[in-house]
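Listed below, chain by chain, are the residues.
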Amino acid sequence: LAVILLPICLKRELAELTWISMVLFVSLGLFVLCNFIQLTFDSNFDPQGISTEILSPKASWQTISALSVTMLAYSYQQNVFPIYSELKVKTNETYSNVSKLALPLTGSIYFAVGIICALMYGAGLESSVLLNIGNSRHKDDLSKGFWEAYICQISFMVVLMCHIPFIFFSGKEALLT
């Protein structure tokens, strides 16, 4: 994996990573779509629904382990200056417009995943929904998994791989300047 990602991580311009962004959003869309299909159309899946228990905060190790996901969600600020330096017209207004487009799009993806997964797994929702997805079984045959689960896990692996070049880009830029 490192051998595959190394040439991508060493790109000189952020614009050269555009295709990575497209792959990232397609993978996220596939993740949301597969979960939505499983929730609404798969008769073998038994959705739990949202319970009031999931709405109250819990002081447990699972809550703390979920912080890594939260930190990844807010790691956007490290890319502010590289994004600004790659703009064709470098003004605060242009960056503001880019940010006004990107942040609601990102927020809607997180919101959609949260609502769909809360409807799917209810109070049994783990700090990492991938645990729930991987452990989901047909309600009639507990030895049988869902095809949607395999696609979701592969697409999330691609999502994580697509984050690595952006993190390395910021670090590389910081070292070179």
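Model, not experiment: these values are computed from the prediction.

Undergrad: Looking at this structure, how should I read the overall build of the protein?
TA: For the protein, the helix and strand inventory stands at eight helices and zero strands. Secondary structure elements in the protein, listed N-terminal to C-terminal, are α-α-α-α-α-α-α-α. Expressed as a percentage of the 177 residues in the protein, the buried residues total 27%. Residue pairs in contact within the protein that sit at least 24 positions apart in sequence constitute 72% of those at least 6 positions apart. Carbon and sulfur atoms provide 69% of the accessible area of the protein, an area that totals close to 11,600 Å².

Undergrad: What am I meant to see in the nonpolar core here?
TA: The nonpolar side chains of a soluble globular protein tend to be buried with one another. Judged by nonpolar contacts, the single largest core of 15 residues is most densely connected at F31, M120, Y121, V129 and I133. Of all the elements in the fold, those that place two or more residues in this core are α2 (18-40), α6 (92-121), α7 (129-135) and α8 (147-176). Top element by residues in this core is α6. It accounts for five residues.

Undergrad: What's the story with the environment of S143 in this structure? I'm lost.
TA: Locating S143 in the fold gives a position in the loop between α7 and α8. Here D141 takes part through its side chain, which lies 2.8 Å from a polar atom of the side chain of S143.

Undergrad: Quick question: what am I supposed to make of a nonpolar patch on the surface here?
TA: There is a patch of nonpolar side chains on the surface, built from I50, F111, I115 and L119 and spanning about 370 Å² of accessible area. Note on placement: L119 falls in helix α6. On the basis of relative accessible area, L119 is assigned to the partly exposed category, the value being 32%.

Undergrad: I would appreciate a short explanation of α6 in the present structure.
TA: The periodicity of an α-helix, 3.6 residues per turn, causes residues three or four places apart in sequence to face the same way. Between its first and last C-alpha, α6 extends 43 Å over 30 residues, near the 44 Å set by a 1.5 Å rise per residue. Every buried residue of α6 is accounted for by Y95, S99, I109, V113, I116, C117, A118, M120 and Y121. Positive backbone phi, at 55°, marks G122, one or two positions downstream of α6.

Undergrad: I tried to follow the packing of α2 against α6 on my own but got confused; where do I start?
TA: Working note: a packed helix pair is described by the angle between its axes plus the distance between those axes. Running from amino to carboxyl end, α2 crosses α6 at an angle of 25°, the nearest separation of the two axes being 10 Å. By the criterion of interaxial angle, the relationship of α2 to α6 is roughly parallel. For the crossing formed where α2 meets α6, the hand is left-handed. Along the contact surface, α2 presents F25, L28, F31, V32, N35, F36, Q38 and L39, while α6 presents L105, I109, A112, V113, I116, C117, L119 and M120. For the contact of α2 with α6, a count of residues per class yields 14 nonpolar, two polar and no charged.

Undergrad: Please explain the packing of aromatic side chains as it appears in this structure.
TA: Aromatic ring pairs: the centre-centre distance and the angle between the two ring planes describe each pair. This model, assessed by the stated rule, comprises five aromatic pairs. Grouping aromatic residues by their ring pairs yields a cluster made of F45, Y121 and F146.

Undergrad: Could you clarify how one ought to interpret the side chain of H138 in this entry?
TA: Here H138 shows up in the loop between α7 and α8. The class of H138 is buried, set by a relative accessible area of 10%. There is a polar contact of 3.2 Å between the side chain of H138 and the side chain of N44. The contacts of H138, once residues within four sequence positions are left out, are N44, K144, G145 and F146.

About the criteria used
- Residues numbered from 1 in each chain as written.
- Predicted model: local features only at pLDDT ≥ 70, side-chain atom pairs only at ≥ 80, totals over all residues.
- Heavy atoms only, no water.
- Helix = DSSP H or I, 4+ residues; strand = E, 2+ residues; numbered from the N terminus.
- Buried < 20%, exposed > 50% of the residue type's maximum accessible area, 1.4 Å probe, protein only.
- Contact = heavy atoms within 4.5 Å.
- Areas by Shrake-Rupley, 256 points an atom, 1.4 Å probe, with all protein chains shown as cover.
- Core = buried A, V, L, I, M, F, W, Y, C linked by side-chain atoms within 4.5 Å.
- Polar contact = N/O pair within 3.5 Å; in protein donor to acceptor, adjacent residues only side chain to side chain.
- Patch = residues over 30% accessible without salt bridge, like charges linked within 9 Å, V, L, I, M, F, W, Y side chains within 5 Å.
- Salt bridge = Lys/Arg side-chain N within 4 Å of Asp/Glu carboxyl O.
- Expected span 1.5 Å × (residues − 1).
- Axes fitted to C-alpha atoms, helices over the stretch in contact; angles between N-to-C directions.
- Parallel < 35°, antiparallel > 145°, perpendicular 65-115°, else oblique.
- Left-handed = near helix turned anticlockwise from the far one by under 90°.
- Nonpolar A, V, L, I, M, F, W, Y, C, P; charged D, E, K, R; others polar.
- Phe/Tyr/Trp six-rings, centres within 6.5 Å; stacked < 30°, edge-to-face > 60°.

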